[in-house]
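Chain residues, written in single-letter form:
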Amino acid sequence: MSDAQTLTAPAAAPQGLRRTPYRRLLKIASHHKIGAAAFGGVIIVCLLALTAPIIAPYDPFEQDYNSLLQAPSWAHPFGTDRVGRDILTRVLYGTQVSVLVGLVAVGISIAIGVPLGLLSGFMGGVVDNVIMRFMDALIAFPRLILALAIVAVLSPGVTNVMIAVGIGSMPVYARLMRSQALAIRENQYIEAAHSLGVPSMRVMYRHILPNAVSPIIVQATLGLGYAVLAEASLSFLGVGVQPPTATWGSILNQGAPLLEQAWWVAFFPGLAIFFFVLFLNLAGDALRDILDPRLRGR
Amino acid sequence: MNARQTWESMRLGRRQALRGAGIGLAGLSAAALIGCGDSDEADSTTATATGTSEGPGAAPSVTTPDASARSMGGTLKVALGSDPTGLDPSTSRGGGDHHYLYSIFDNLVNNGPDFSVKPGLATEWEVVDDLTIRFKIQDGRTFHDGSPVTAEDVKYTIDRHKDPETQSYSAGQVESVESVEVVDDTTAIFHLNTITSPIFAILGDRNGMIMPKEATQAMGADYNNKPIASGPFKVDSWAVDANVKLSRFAEYAENYPYLDAIDVQVVPNSSVQFANLRTGDADVVTVDPKDRETARGTDNIQLHEWISTAYTQVNINTAVAPITDMRVRQALSHSLNRQAILDAIFFGEGEVANGPITKASWAYNENLLPIPEDLDKAKQLLDAAGFGDGLAFEMVIVADETRTPLSEMMKAQWARIGVDMTIVARSAEEAGAEYRNQLYPMFLTFFSGRADPDMTIYENFHSQGGFNRAKFNEAFTPGPEALAIDQKIEAARQIYDQDERKALYDEIQTLLMEQAFGILFTHRTNAVALSSRVEGFQPYGDGKYRFHELSLKA
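All of these numbers come straight from a predicted model, not from anything done at the bench.

A. The overall build of chain A, seen in detail. Check the secondary structure of chain A and you find 13 helices and zero strands. Beginning at the N terminus, the succession of helices and strands in chain A can be written as α-α-α-α-α-α-α-α-α-α-α-α-α. C-alpha extents for chain A along the principal axes are approximately 75 × 50 × 30 Å. The buried share of chain A, taken over its 298 residues, is 43%. Counted over contacts in chain A with a minimum sequence separation of 6, partners at least 24 positions apart contribute 72%. When the accessible surface of chain A is summed, it comes to about 14,800 Å², and 68% of that surface belongs to carbon and sulfur atoms.

Here is the structure:
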């Protein structure tokens, strides 16, 4: 690490740009057009989730027995399902669950994974060994299998899906944080802090953590996409959110066997998953480019 | 071809078979005596099959027009929706298990396609008196390990079901068999403690599948995975959630069975099953109601549709609050829109249920109307039961493509009278276990039906029935209404005259529905699709497949 970086790193942002954050944003957006569009998409999806009760044309649980499995029409733009519910409405309400599960699951991953990784990287030795071997054990399972096992133990439901997906992804954040901490703790300002008698806890939280935030943010954005997908997968497998709650995965689950009779039941929630995860991944990629010091200023 | 036509053609087929009946022997007219079907037919049925039997184990119960015309060899590829719950006839419990078991096991006697009694291991029997039946096992029958089938094995099979340690689902079915007396190697006498008119139908089901005493005892828990039996096929392997492979039991009989092997793939998704048939990856699949229309319009497949004994219901445990109160159950039953359920979930295939006995059986009650949707009445009943402000409970379901949307419909329909039902979606194993453990008052699971109305009604609705989970609840004491129904069920079991029995079952069904001991939705129809190379398919009234009867065109 160069001295210049050592000096600038603790500050949140370079001085010159702080005056015009809006213009800086525009500048970044013009450099990352796809990323900007993806962010826009993510924001729109979040808005849809928030406003679902207002903009949805029907009640998500209302069953109209006179319109079973209707193909898309003006009355039902995404068609209706087997028991006569409006799919557009259910997909909109499903957005709420997907966004919520995504955010909370990633929150859980970060809340547990980051402190553990920080401790591991900073302390080293036995602590590092114990924490990281535990993480290795977790990572040895495919993430979805691990989530399945956790849901099986905790019993299905929204809360438990969040916990399962969160714990399943936790090792990723722990490892990432540890590698950051390992690199940062060798810096002179950390040495300086130590020699001034700053307690270890304070060094970790005031000096190491803020400097390791960028990759965590990038990972969180990508992880959000994974969490949305994981919730959909668990619901698709029938162990996720309990019926009749609408989630993208559960609508897809009910539509899959009907693909030949009514393609629209599975198609639209599938499309929603596809675009939201795509947006999140593109946004994550763009964030990584923007926050990576080696690419900064290009 | 619609269901009725198929049903008719099936009956015709049987009549034709009867026309060619051989000389009546045995002459014991057991079937006539027990009152299955009208007496003449039942009598000659017994004679037919016996008459055509040649040598040991000749195709029992098969009414093939001309056996010599059938090709030998080949592997039948089957796609079924689920594994067996087990291959041990005592402890397996699934309605889909019979598809496997009938090819592996020989029954003491068989249930024919129209529920008449057909020879099995026993080709002769004599009803000595009301409580005594003498069975003669055909000479030369052997188990897969080469040991002979003896009367001792028959006794062992029944004793094993009755032994509480076995925890057999058949215990209730063979309850009236006081003891089995071994007279000699091939003669066994059943001593009944009460007249049991459906005893032959009972023995033609899982309960009468004969297990070898020595091998079964030696194998212990392993018997459930790879049973040794005396049926036309042996179990080669069972990989859970993947496949069951059966191969021909060479010593079974000359030129029977026709197939070399049966390869059953477990394919949970019904659309995939049907797709497998169309691409040639399967020869036999069950056609889900949603695929029936497509199947009817598909060339190069054989489609059979016929009336089923199966009905769809929610299993209720009357010992678990809040449905201990009859008025609550009645309210729940009256607030369902069964026609909408039939249309949405079963794509209009089948009928709205009026009772547990379907048109496939002689005991169908043609005068009983389905419980009508009546929300006012439902609300009044709830009010009277003290739940006027609402009622909440949980219902456990086996989450799948049929039961999940069905449970959502029930939830929405019950919500109209202020009932808040929470759906607990589980795997089949978990759901069954949690329901058994009295955690939920209701379990959304269907019943495949049985050959005799007693088997269906006793098992599900008698307070000691095998599928009545209330009996395992310590707090459970059957109320006066339940006891009155119990008495009628027991009485119906002891009547030989079919008309008299039917009158009693009519009454029982009316009570069961009115007092909401069962909440039924629909009666089902069976549909099976076969590839064009399959020969010899015979639809059975119980809806269970007999793969061992099939052959493949050369």
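B. View of the nonpolar core. Counting 61 residues, the largest nonpolar core has Ile208(A), Trp248(A) and Phe276(A) as its most contacted members. Beyond its immediate sequence surroundings of up to four residues, Trp248(A) is in contact with Val45(A), Val91(A), Gly94(A), Thr95(A), Ser98(A), Val228(A), Pro269(A), Ala272(A), Ile273(A) and Phe276(A). Leu336(B), Ile341(B), Phe346(B) and Leu444(B) belong to the second-largest nonpolar core, a separate cluster that totals 37 residues.

C. Looking closely at the interface of chain B and chain A. With 25 residues of chain B at the contact, the number on the chain A side is 19 residues. Of the roughly 1,900 Å² buried where chain B meets chain A, counting both sides, 53% is carbon and sulfur surface. For the pair chain B and chain A, the interface holds two salt bridges. For Glu260(A), the salt bridge goes to Arg278(B), with nearest N and O atoms at 2.6 Å. Across the contact surface, chain B and chain A share 13 residue pairs in polar contact (both at pLDDT 80 or more). Elements with a contribution of two residues or more to the side of chain B that touches chain A: helix H8 (270-279), helix H11 (338-345), helix H13 (403-415) and strand S15 (419-426) of chain B. No other element matches the seven residues that H13(B) contributes to the side of chain B that touches chain A. Tallied by class, residues from the side of chain B that touches chain A come to 11 nonpolar, six polar and eight charged.

D. Main features of unusual backbone geometry. Note that the residue after Pro243(A), namely Pro244(A), is joined by a cis bond; omega there is 5 degrees. Along the polypeptide, Pro244(A) turns up in the loop between helix H11 (213-236) and helix H12 (248-255). Following Tyr256(B), the chain continues to Pro257(B) via a peptide bond in cis, the omega torsion being -5 degrees. Mapped onto the secondary structure, Pro257(B) falls in the loop between strand S9 (243-248) and strand S10 (261-266). Even without glycine at this site, Asn300(B) takes up a positive phi of about 65 degrees. By the secondary structure assignment, Asn300(B) is in the loop between helix H9 (292-296) and strand S12 (301-316). Owing to a relative accessible area of 68%, Asn300(B) belongs among the exposed residues under this scheme. Residues other than glycine seldom take positive phi values, yet Ala516(B) does so here, at roughly 55 degrees. Within the secondary structure layout, Ala516(B) lies in the loop between helix H17 (498-514) and strand S17 (519-531).

E. The pattern of salt bridges, seen in detail. Enumeration according to the criterion identifies 36 salt bridges over all chains in this entry. Across the salt bridge formed by Glu408(B) and Arg85(A), the nearest N and O atoms sit 2.5 Å from each other. In this pair, Glu408(B) is assigned in helix H13 and Arg85(A) in the loop between helix H4 (33-55) and helix H5 (87-123), connecting two distinct chains. Asp136(A) is the partner of Arg175(A) in a salt bridge, and the nearest nitrogen-oxygen pair spans 2.7 Å. Residue Arg175(A) is found in helix H8 (residues 158-184), and its partner Asp136(A) is found in helix H6 (residues 125-140); the two are separated by 39 residues along the sequence. Judged by relative accessible area, which is 38%, Arg175(A) ranks as partly exposed.

F. Representation of the sheet that holds strand S7 (residues 187-192) of chain B. Residue and element names in this part refer to chain B. Overall, antiparallel pairing links the four strands, which are arranged S4-S5-S7-S6 in an open sheet. Each having just a single partner strand, strand S4 (122-129) and strand S6 (177-184) make up the two edges of the open sheet. Put simply, the sheet's adjacent strands are angled 20 degrees from each other on average, direction ignored. Both strand S5 (residues 132-137) and S7 contribute to a ladder of five bridges, which runs antiparallel. Residue pairing in the sheet places phenylalanine 135 in a bridge with alanine 188 of S7.

G. Up close: the environment of Glu474(B). Tracing the chain through its elements places Glu474(B) in the loop between helix H15 (453-461) and helix H16 (480-493). C-alpha of Glu474(B) to C-alpha of Ala344(B): the two residues are 130 residues apart in sequence and 39 Å apart in space.

H. Layout of the environment of Gln515(B). Residue and element names in this part refer to chain B. Its place among the elements puts glutamine 515 in the loop between H17 and S17. Linking glutamine 515 and threonine 196, residues 319 residues apart in sequence, is a C-alpha distance of 26 Å. Contact partners of glutamine 515, with chain neighbours within four places excluded, come to Met326, Arg329, Gln330, Glu481 and Ile485.

I. How the structure looks around the confidence of the model for chain A. Residues and elements named next belong to chain A. Predicted confidence across chain A gives a mean pLDDT of 85, with 92% of residues reaching 70 or more. Looking across chain A, the model is least confident in helix H1 (residues 3-8), with a mean pLDDT of 44, and most confident in H5, with 92. A low-confidence stretch, residues 1-13 (pLDDT under 50), is modelled with seven contacts involving residues beyond four sequence positions or located in other chains.

J. Quick look at H4(A). Residue and element names in this part refer to chain A. If you check H4, its first and last C-alpha atoms are just 29 Å apart, much less than what 23 residues at 1.5 Å a residue would give, namely 33 Å. Looking at H4, one finds that the buried residues are Gly35, Ala38, Gly41, Val42, Val45, Ala49 and Ala52. Structurally, H4 contributes buried residues whose contacts are with H5, H12 and helix H13 (263-291).

K. Molecular detail of the environment of Arg134(B). Residue and element names in this part refer to chain B. Here arginine 134 is to be found in strand S5. Classification of arginine 134 by relative accessible area gives partly exposed; the value is 33%. With 102 residues separating them along the chain, arginine 134 and aspartate 236 place their C-alpha atoms 34 Å apart.

L. Quick look at the side chain of Ser235(A). Here Ser235(A) shows up in helix H11. The contact partners of Ser235(A), leaving out residues within four places of it in the chain, are Gly240(A), Val241(A), Thr247(A), Gly249(A), Ser250(A) and Asn253(A).

M. Representation of the packing of H15(B) against H17(B). Residue and element names in this part refer to chain B. Contact geometry for H15 and H17: axes closest at 12 Å, N-to-C directions at 30 degrees. Considering their axes alone, H15 and H17 lie roughly parallel with respect to each other. Note on packing geometry: the crossing formed by H15 with H17 is left-handed. Residues Pro453, Asp454, Ile457 and Phe461 of H15 touch H17, and the partners they reach there are Arg501, Tyr505, Ile508, Gln509 and Leu512.

What counts and how
Residues numbered from 1 in each chain as written. Chains lettered and ligands numbered in written order. Predicted model: local features only at pLDDT ≥ 70, side-chain atom pairs only at ≥ 80, totals over all residues. Heavy atoms only, no water. Helix = DSSP H or I, 4+ residues; strand = E, 2+ residues; numbered from the N terminus. Buried < 20%, exposed > 50% of the residue type's maximum accessible area, 1.4 Å probe, protein only. Contact = heavy atoms within 4.5 Å. Areas by Shrake-Rupley, 256 points an atom, 1.4 Å probe, with all protein chains shown as cover. Core = buried A, V, L, I, M, F, W, Y, C linked by side-chain atoms within 4.5 Å. Buried area = accessible area lost by both parts, 1.4 Å probe. Salt bridge = Lys/Arg side-chain N within 4 Å of Asp/Glu carboxyl O. Polar contact = N/O pair within 3.5 Å; in protein donor to acceptor, adjacent residues only side chain to side chain. Nonpolar A, V, L, I, M, F, W, Y, C, P; charged D, E, K, R; others polar. Pairing = 2+ DSSP bridges. Axes fitted to C-alpha atoms, helices over the stretch in contact; angles between N-to-C directions. pLDDT = per-residue confidence, 0-100. Expected span 1.5 Å × (residues − 1). Parallel < 35°, antiparallel > 145°, perpendicular 65-115°, else oblique. Left-handed = near helix turned anticlockwise from the far one by under 90°.

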